[in-house]
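Per-entry structural report
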Amino acid sequence: MKKKTVATIWCEGCSGCHMSFLDMDEKLLDLIKKGMTFSASPLTDLKIPPHGTDIGIIEGSVATDTQEEEVKMMRERCKIIVAIGNCAVFGGIPTMRNKYKVSEILSRAYENAETNYNSHIPSAEDISKLLEKVKPVDKVIKVDYYIPGCPPKPEAIYETLLKIIEGEKPELKGKLLSYD
Amino acid sequence: MTNQEKITIYPVTRIEGHAKITIHLDEKKKISKVLFHVDQFRGFEKFIEGRYFEEAPIITAKICGICPVSHILGAVKAGDMIMNVQIPYTAKLLRMLAHLGQIIQSHCLHFFYLASPDLLLGWNADPAIRNVAGLVEKYPDFAMKGIKLRKFGQTIIEYVGGARINPKNFIPGGIAAPLDPKHRDIIIFQIDEMISYCLEGLEFIKHYIEKNKLFVERYANFKTNFLGLVNDGNWEVYDGKIKVIDQNGNLLYHFDSVDYNSYIAEYIEDWSYLKFPFLKKLGYPEGVYRVGPLARLNVSDRLPTPLAEREFMIFKQIGNPIHESFYYHYARMIEVLHSLERVREILLDPEILSKDVFVKGRVENEQGIGIIEAPRGTLIHHYWVDEKGKITKCNMIVASGNNNWAMSKAAELIAREFLDPEDIKEEQLNLIEGGIRCYDPCLSCSTHAIGQMPIRIEVYDHKSQLLNVFQRE
Ligand code: SF4
């Protein structure tokens, strides 16, 4: 049986999609038995997926300069990119900030919050810069498959991965295709 | 950067969020400072302005998919206060039940999936297998128990809240649906089995600490104040007052949680999006404190369920308070045990199936504050509303944020103790990340954000020229 490597990253999301991935529970073991192995992922210590990784799963939208680089890196290194969850697919909740300027958003937290002791917006070179607008993943790279939902049902993630592992084209239908 | 070299660990893995550690060296290649950077900011407190307070639980649930119930409960408790209502007894039981389910699933996610690979497979194990999949290969039985415990917690949330992630039944004024008797029975039926799994995990960590005593003492051992909710001395996660003790265990404060702003302030460092909360009167950094499992056990006098109380007594003998970061793992498993026992108590309460779970209300107060103990520590939601209930302002201090200073300190101490800047080994870097991992930081919560990526160490010479890159793929 040929192994299929899976890399996952989270960008501007809440990790709920990764949790739904783990909510496959015992079925996760089933996928591992069918040949899925983890490459780079928040769940492992591998930090960059090697070139030729079979499946790259992206949770979350793109909201910082670093995330923009990260999704491009995933595209370069993974054969199939799957956008998982409403944030990655459409932009989702994080795009609620798009109606404000980045400076207004930062200002509320770092200049005007009631509990602040000293007020200034962090800007050291070691932290990422916020993009003016949050965007879905496919505004930055080409996405091969989409699993919508907030988060998608574990069964939808299972079905998609199973089909890809078996070399078929995944398609979500009925209850598995949900935007909730 | 002049006359300095810098080592970067990015991303810190097996934690829940985007973070990076930089290690700065002086000219003699000695460590000068270590910083824990949280790399994201999402802006919930801004974009929630203009929404109705009833929407706050639904929106803030998306701050974190690991502990959505914490944010939901923080927001609905604030909503109760805005409407000035006392929710029915059963509604409170059900909220508590879901919250315990979340503590079980979140702690077990951390202990079994994220932390135990280091302990079982070794700090120096091949990074390719040092994870939950490696665990499944080598210790399938242990891994399966962790998976089942997490699933059990998630199932409780699903039955009470209507979904595992982002449940929608929790509303200001109570809860939208009573508990189905069928579901109560399914949960009760599994508790003994879950307790046996939990006890195995607990024995494992106790044994590990005993066998590695010296290591545990050398590993991120430092003193701070501790803060957490207590209810009349009892361990508490939903209600109660905030208790603060100093590093010697003396009582500093015991205050109503709605007064948090008189006691806590946040310091902003230029190099992190995560702020550094501290006790106002003591100043920064003297006034920093820790929260979470270890802090809760340190500030509590009792854990009033039979099995947990026994374990708690043993734990308290070790120190009062206990400071070593590693004991967070141990405290976490005692909390899982107590939560499992509390779940049973709640489900056996004759009122648990009552249909009286909601009271109506309207805007009566212009402010609402909801404070609870999330799995990772004290969580504060504070909303200001207009007369129609539209949110005009929002302030949040989240669990992992409270541990921000401690995580940076842990990374620094471990780097000083275990890292040889002239001969960096992967294992040493994993030890540093492991120090952060003790605190199980949920950075999606912390910055109302989240993320992930590579371990990359960059060594710069005095003139900021990149000398060497060490990267694991
Ligand atoms: S789609 Fe929903 S669950 Fe997934 S990251 Fe976004 S908010 Fe979280």
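**Quick look at the overall build of chain A**
Along its length, chain A carries 6 helices and 7 strands. In chain A, the succession of α and β elements from N to C terminus is β-α-α-β-β-β-α-β-α-α-β-β-α. With the C-alpha coordinates aligned to their principal axes, the bounding extent of chain A is approximately 60 × 35 × 30 Å. Among the 180 residues that make up chain A, the fraction classed as buried is 66%. Long-range contacts, defined here as pairs at least 24 residues apart, represent 78% of the contacts in chain A between residues at least 6 apart. Carbon together with sulfur atoms contributes 53% to the accessible area of chain A, which is approximately 7000 Å² in total. Taken as two groups, the 25 positive and 27 negative side-chain charges of chain A have centres that lie 5 Å from each other.

**Let's talk about the domain arrangement of chain B**
Think of interface size as the accessible area that goes away when the parts come together; that is how it is often given. Residues and elements named next belong to chain B. Considered domain by domain, chain B is made up of domain 1 (5-40 + 402-472) and domain 2 (44-401). For domain 1 versus domain 2, the separation of C-alpha centres amounts to 26 Å. Counting across the interface, domain 1 meets domain 2 through 1 salt bridge. On the surface where domain 1 and domain 2 come into contact, there are 19 residue pairs in polar contact (both at pLDDT 80 or more).

**Description of the site of the ligand**
Around the ligand, the surrounding shell consists of A:G13, A:C14, A:G16, A:C17, A:E59, A:G85, A:N86, A:C87, A:G149, A:C150, A:P151 and B:K62. Those chains with residues close to the ligand are chains A and B. Elements that contribute at least two residues to the shell around the ligand include exactly α1 (16-22) and α4 (86-90) of chain A. Along the lines of polarity and charge, the residues of the shell around the ligand split into 5 nonpolar, 5 polar and 2 charged.

**Remarks on the nonpolar core**
A:F21, A:M36, B:F326 and B:Y383 are the most contacted members of the largest nonpolar core, which has 175 residues in total. Counting residues per element, this core draws most heavily on helix α4 (residues 89-121) of chain B, which supplies 18 residues. A:C11, A:I58, A:V62 and A:A83 belong to the second largest nonpolar core, which has 17 residues in total.

**Comments concerning the packing of helix α7 (residues 181-211) of chain B against helix α11 (residues 306-318) of chain B**
Residue and element names in this part refer to chain B. Relative to each other, α7 and α11 sit at 5°, their axes nearing to 13 Å. Between α7 and α11, the interaxial angle falls into the category roughly parallel. Touching I195, L202, E203 and K206 of α7 are L307, E311 and I314, all from α11. Residue composition of the contact of α7 with α11, grouped by class: 4 nonpolar, no polar and 3 charged.

**Brief notes about the interface of chain B and chain A**
Across the contact, 84 residues belong to chain B and 63 residues belong to chain A. For the pair chain B and chain A, the number of links is 6 salt bridges. For the pair chain B and chain A, the number of links is 22 residue pairs in polar contact (both at pLDDT 80 or more). Among the elements that take part in the side of chain B that touches chain A, helix α6 (residues 140-161) of chain B stands out by supplying 6 residues, more than any other. A breakdown of the residues in the side of chain B that touches chain A according to their chemical character gives 40 nonpolar, 19 polar and 25 charged.

**Remarks on the side chain of B:K46**
Following the sequence through the fold, B:K46 ends up in helix α1 (residues 44-47). Judged by relative accessible area, B:K46 falls into the buried class, the value being 14%. When near neighbours in sequence (up to four residues on either side) are disregarded, B:K46 contacts A:Y100, A:E104, A:I105 and A:R108.

Criteria and thresholds
- Residues numbered from 1 in each chain as written.
- Chains lettered and ligands numbered in written order.
- Predicted model: local features only at pLDDT ≥ 70, side-chain atom pairs only at ≥ 80, totals over all residues.
- Heavy atoms only, no water.
- Helix = DSSP H or I, 4+ residues; strand = E, 2+ residues; numbered from the N terminus.
- Buried < 20%, exposed > 50% of the residue type's maximum accessible area, 1.4 Å probe, protein only.
- Contact = heavy atoms within 4.5 Å.
- Areas by Shrake-Rupley, 256 points an atom, 1.4 Å probe, with all protein chains shown as cover.
- Lys, Arg positive; Asp, Glu negative; His and termini not counted.
- Charge placed at Lys NZ, Arg CZ, Asp CG, Glu CD.
- Domains from an automatic or database assignment.
- Salt bridge = Lys/Arg side-chain N within 4 Å of Asp/Glu carboxyl O.
- Polar contact = N/O pair within 3.5 Å; in protein donor to acceptor, adjacent residues only side chain to side chain.
- Near = heavy atom within 4 Å.
- Nonpolar A, V, L, I, M, F, W, Y, C, P; charged D, E, K, R; others polar.
- Core = buried A, V, L, I, M, F, W, Y, C linked by side-chain atoms within 4.5 Å.
- Axes fitted to C-alpha atoms, helices over the stretch in contact; angles between N-to-C directions.
- Parallel < 35°, antiparallel > 145°, perpendicular 65-115°, else oblique.

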